[in-house]
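Residue-level structural notes
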Amino acid sequence: MKKLLYIVVAIVAVVAVVWAFSGKSNATKNNALIAYFSATGNTAGVAQNLAAATGADLFEIQPMAAYTAEDLDWRNDKSRASVEMNDRSSRPEIASRVENMDQYNIVFVGFPIWWGREPSIIDTFLESYDFNGKTIVPFATSGSTPSTDEAAESIRAIVPGANVMNGARFPNDVSADELKTWAGEWLK
Ligand SMILES: Cc1cc2nc3c(=O)[nH]c(=O)nc-3n(C[C@H](O)[C@H](O)[C@H](O)COP(=O)(O)O)c2cc1C
């Protein structure tokens, strides 16, 4: 009889431990997505480091038509980037969709700063899903713009039902440790 009691207690303990651990992972990385756009690779590097540091899913926002060096010429006001960014209603097409966005409640959105804010293709991304009630955490790389504050303001106007954080601008060589600590605020 005593032996049976030990077996029951052991089973209950194992089930409790498994349940506790699965619950923990459901509340963290499994609910977080890192979605990023990168024209020349800098933001891609940071996004990949962030994914490796946190274990969150990674999705690349790929334009239907890739940006050429000519397209990115910010000194030319006729370049594709200039034309798109001068038109607030511009929504460059994205090549693929996130499968079941419903499973994520925190979305880290990464991009290069273009003229102080998020590139128009990020606006396309934001309008492609229902972000109501989700938390959006912007992150960016830039030449010198020091923060994502202006981008966060712009993003809030596009997805008013989301909880949009101010986010952060990182240098291209930000360490995985720093990214992990930063993301830890939302991935408890
Ligand atoms: C069209 C265009 C506009 C840019 N505007 C800014 C800007 O306003 N401020 C800034 O600091 N850097 C600006 N940059 C530099 C990029 O933000 C920077 O190089 C970034 O790291 C590129 O990221 P990516 O390699 O992921 O595309 C601009 C670059 C491009 C191509």
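Here, every reference points to the structure presented above.
Not measured: the values here are computed from a predicted model. (Residues numbered from 1 in each chain as written. Predicted model: local features only at pLDDT ≥ 70, side-chain atom pairs only at ≥ 80, totals over all residues.)

**Quick look at the overall build of the protein chain**
On a plain count of helices and strands, the protein chain comes out with six helices and six strands. Taken from N to C terminus, the helices and strands of the protein chain fall in the order α-β-α-β-α-β-α-β-α-β-β-α. Buried positions account for 32% of the 188 residues belonging to the protein chain. Contacts in the protein chain between residues far apart in sequence, at least 24 positions, make up 75% of those at least 6 positions apart. (Helix = DSSP H or I, 4+ residues; strand = E, 2+ residues; numbered from the N terminus. Buried ≥ 20, exposed ≤ 12 C-beta atoms within 10 Å, placed from the backbone. Contact = placed C-beta atoms within 7 Å.)

**Regarding the pairing of strand β2 (residues 57-60)**
Relative to β2, strand β1 (residues 32-36) runs parallel, the two being bridged by four bridges. Across the sheet, the residue bridging to Leu33 is Asp57, located in β2. Crossover handedness for the path β1 to helix α2 (residues 42-54) to β2: right-handed. (Pairing = 2+ DSSP bridges. Right-handed = clockwise from strand over helix to strand, strands pointing away.)

**Re helix α5 (residues 149-158)**
All buried positions along α5 are accounted for by Ala151, Ala152 and Ile155. Buried residues of α5, seen end-on, are gathered within an arc of 100° and therefore sit on one face of the element. More than 90 degrees from the buried face of α5, the exposed residues found are Glu153 and Ala157. Tucked into the core, α5 has its buried residues touching α4 (120-126), β4 (135-141) and β5 (163-164). (Arc of directions from axis to C-beta.)

**Focus on the nonpolar core**
The biggest cluster of nonpolar side chains holds 40 residues, and the ones touching the most others in it are Leu33, Ile34, Ala35, Leu50, Val107, Phe108 and Ile136. At the level of elements, β1, α2, β3 (106-112), α4, β4, α5 and α6 (176-183) are the ones that each hand at least two residues to this core. Dropping the residues within four chain positions of it, Ile34 is found in contact with Ala47, Leu50, Ala51, Ala56, Asp57, Leu58, Phe108 and Gly110. (Core = buried A, V, L, I, M, F, W, Y, C linked by C-beta atoms within 7 Å.)

**Thoughts on the site of the ligand**
Around the ligand, 20 residues are found, and the nearest of them are Ser38, Thr40, Asn42, Thr43 and Pro112. Grouping the constituent residues of the shell around the ligand by class yields nine nonpolar, 11 polar and no charged. (Near = placed C-beta within 6 Å. Nonpolar A, V, L, I, M, F, W, Y, C, P; charged D, E, K, R; others polar.)

**Description of the environment of Val174**
Mapped onto the elements, Val174 comes out in the loop between β6 (168-169) and α6. Looking at Val174, the number of C-beta atoms within 10 Å reads 18, which means it is partly exposed. In the structure, Val174 is positioned 125 residues away from Asn49 in sequence and 8.7 Å away in space, judged by C-alpha atoms. Apart from residues lying up to four places away in sequence, Val174 is in contact with Val46 and Leu179.

**Some details on the environment of Ala162**
Mapped onto the secondary structure, Ala162 falls in the loop between α5 and β5. If sequence neighbours within four positions are ignored, Ala162 has contacts with Phe131, Asn132, Lys134 and Ile136.

**Some words on the packing of α2 against α6**
Packed helices, taken two at a time, are described by the angle their axes make and the gap between the axes. One can describe the packing of α2 onto α6 by two numbers: an axis separation of 9 Å at closest approach and a directional angle of 70°. As judged from the angle between their axes, α2 and α6 are roughly perpendicular. For α2 against α6, the interelement crossing comes out right-handed. Only Ala176, Leu179, Lys180 and Ala183 of α6 make contact with α2, whose side of the interface consists of Asn49, Leu50, Ala52, Ala53 and Thr54. In terms of residue class, the contact of α2 with α6 is made up of six nonpolar, two polar and one charged. (Axes fitted to C-alpha atoms, helices over the stretch in contact; angles between N-to-C directions. Parallel < 35°, antiparallel > 145°, perpendicular 65-115°, else oblique. Left-handed = near helix turned anticlockwise from the far one by under 90°.)

By themselves, these are just geometric observations and shouldn't be taken as functional.
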